[in-house]
Amino acid sequence: AANIIKTTGTSRTPNLDGLTGNRKAITKYDLAKLNSMLDQMDVPSDGRVILIDGGFKLDLNTLAELGLLDTVGTEVLKNGTVGKIMGFKPYTRSSTVKYSNDSNPVLKAEKSALLPTDRLALYAWHPMFVRRALGTGEGGNVKVFIDVNSAVYQGDVISALSRSGASKSRYDERGIVALVEDFA
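The structure reproduced in this document is the subject of the present report.

Basis of the calculations
Residues numbered from 1 in each chain as written. Predicted model: local features only at pLDDT ≥ 70, side-chain atom pairs only at ≥ 80, totals over all residues. Heavy atoms only, no water. Helix = DSSP H or I, 4+ residues; strand = E, 2+ residues; numbered from the N terminus. Buried < 20%, exposed > 50% of the residue type's maximum accessible area, 1.4 Å probe, protein only. Contact = heavy atoms within 4.5 Å. Arc of directions from axis to C-beta. Polar contact = N/O pair within 3.5 Å; in protein donor to acceptor, adjacent residues only side chain to side chain. Core = buried A, V, L, I, M, F, W, Y, C linked by side-chain atoms within 4.5 Å.

### Side note on unusual backbone geometry
Most of the time, phi is negative for any residue but glycine, and the peptide bond is trans.
Part 1: In the Ramachandran plot, Asn 149 falls in the positive-phi region, its phi being about 55 degrees despite a non-glycine side chain.
Part 2: Mapped onto the elements of the fold, Asn 149 is located in strand S12 (residues 143-150).
Part 3: Here the phi dihedral of Gln 154 falls at roughly 50 degrees; this positive angle occurs in a residue that is not glycine.
Part 4: Topologically, Gln 154 is positioned in the loop between S12 and strand S13 (155-163).
Part 5: Residue class for Gln 154 comes out exposed when judged on its relative accessible area of 75%.

### Observations regarding the environment of Asp 59
Part 1: Within the element layout of this structure, Asp 59 appears in helix H2 (residues 54-61).
Part 2: In this structure the C-alpha to C-alpha distance between Asp 59 and Arg 12, which are 47 residues apart in sequence, comes to 9.5 Å.
Part 3: With residues near it in sequence (within four places) discarded, Asp 59 still touches Arg 12, Asn 15, Ala 25 and Ile 26.

### Quick look at the environment of Met 41
Part 1: By the secondary structure assignment, Met 41 is in the loop between helix H1 (28-40) and strand S4 (49-52).
Part 2: Given the relative accessible area of 14%, Met 41 is considered buried.
Part 3: Beyond its immediate stretch of four places on either side in the chain, Met 41 contacts Asn 3, Glu 173, Arg 174, Gly 175, Ile 176 and Val 177.

### Things to note about H2
Helical geometry note: an α-helix holds 3.6 residues per turn, so side chains three or four residues apart project in the same direction.
Part 1: For H2, the complete set of buried residues consists of Gly 55, Phe 56, Asp 59 and Leu 60. Mapping the buried residues of H2 onto a view down its axis gives an arc of 140 degrees, with all of them on the same face.
Part 2: Between a side-chain oxygen at the N-terminus of H2 and the backbone nitrogen of Gly 55 the separation is 3.1 Å; the capping residue is Asp 53.

### Details of the nonpolar core
Part 1: Of all hydrophobic cores here, the largest spans 23 residues; its most connected members are Ile 26, Leu 31, Leu 34, Leu 38, Ile 50, Leu 60 and Leu 122.
Part 2: Sorting elements by how many residues they give to this core places H1 first, with 4 residues.
Part 3: Residues within four places of Ile 26 in sequence aside, it is in contact with Thr 7, Leu 31, Phe 56, Asp 59, Leu 60, Leu 63, Leu 122 and Leu 179.
Part 4: The next biggest cluster of nonpolar side chains, apart from the first, holds 10 residues, and it includes Leu 51, Tyr 123, Val 130 and Val 180.

Okay, here's the thing in structure tokens:
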């Protein structure tokens, strides 16, 4: 639980149906705290990532601080997306992780039922501190299957066999921090 911080913002309704009780929104301070915790772990500042869901994205989009969003290169001009949020490269998913409503929140299993008092969370990490997808072939290589001129599909069919996912690389959880919703 040492790598968990709680949101400190103003009271808002939960961002997910089925949750009860108001929650605290994300603030610029919360993001600075994530960076500070990673700094204290001697995690490189270049390459940090944050995983947010639509609800947390709404929190971030409503922050009044105009200096919050840093653009990188010409990404904003190319596709309208912001390259970084306070030094983090953002990834958005439809859902992220959930934690229990204990005084020291505990990560819940991915497929566990959502309880009305569960807390949603986002993760901040550096790629050097997580493990990710590997192929299922020899040496962890991705196994690629090619069916040239397939009569069924009237063309070439290419597919790959790989296992996806991520997990913490270190038992001390260095390089990964969770920002968990707090109750208002």
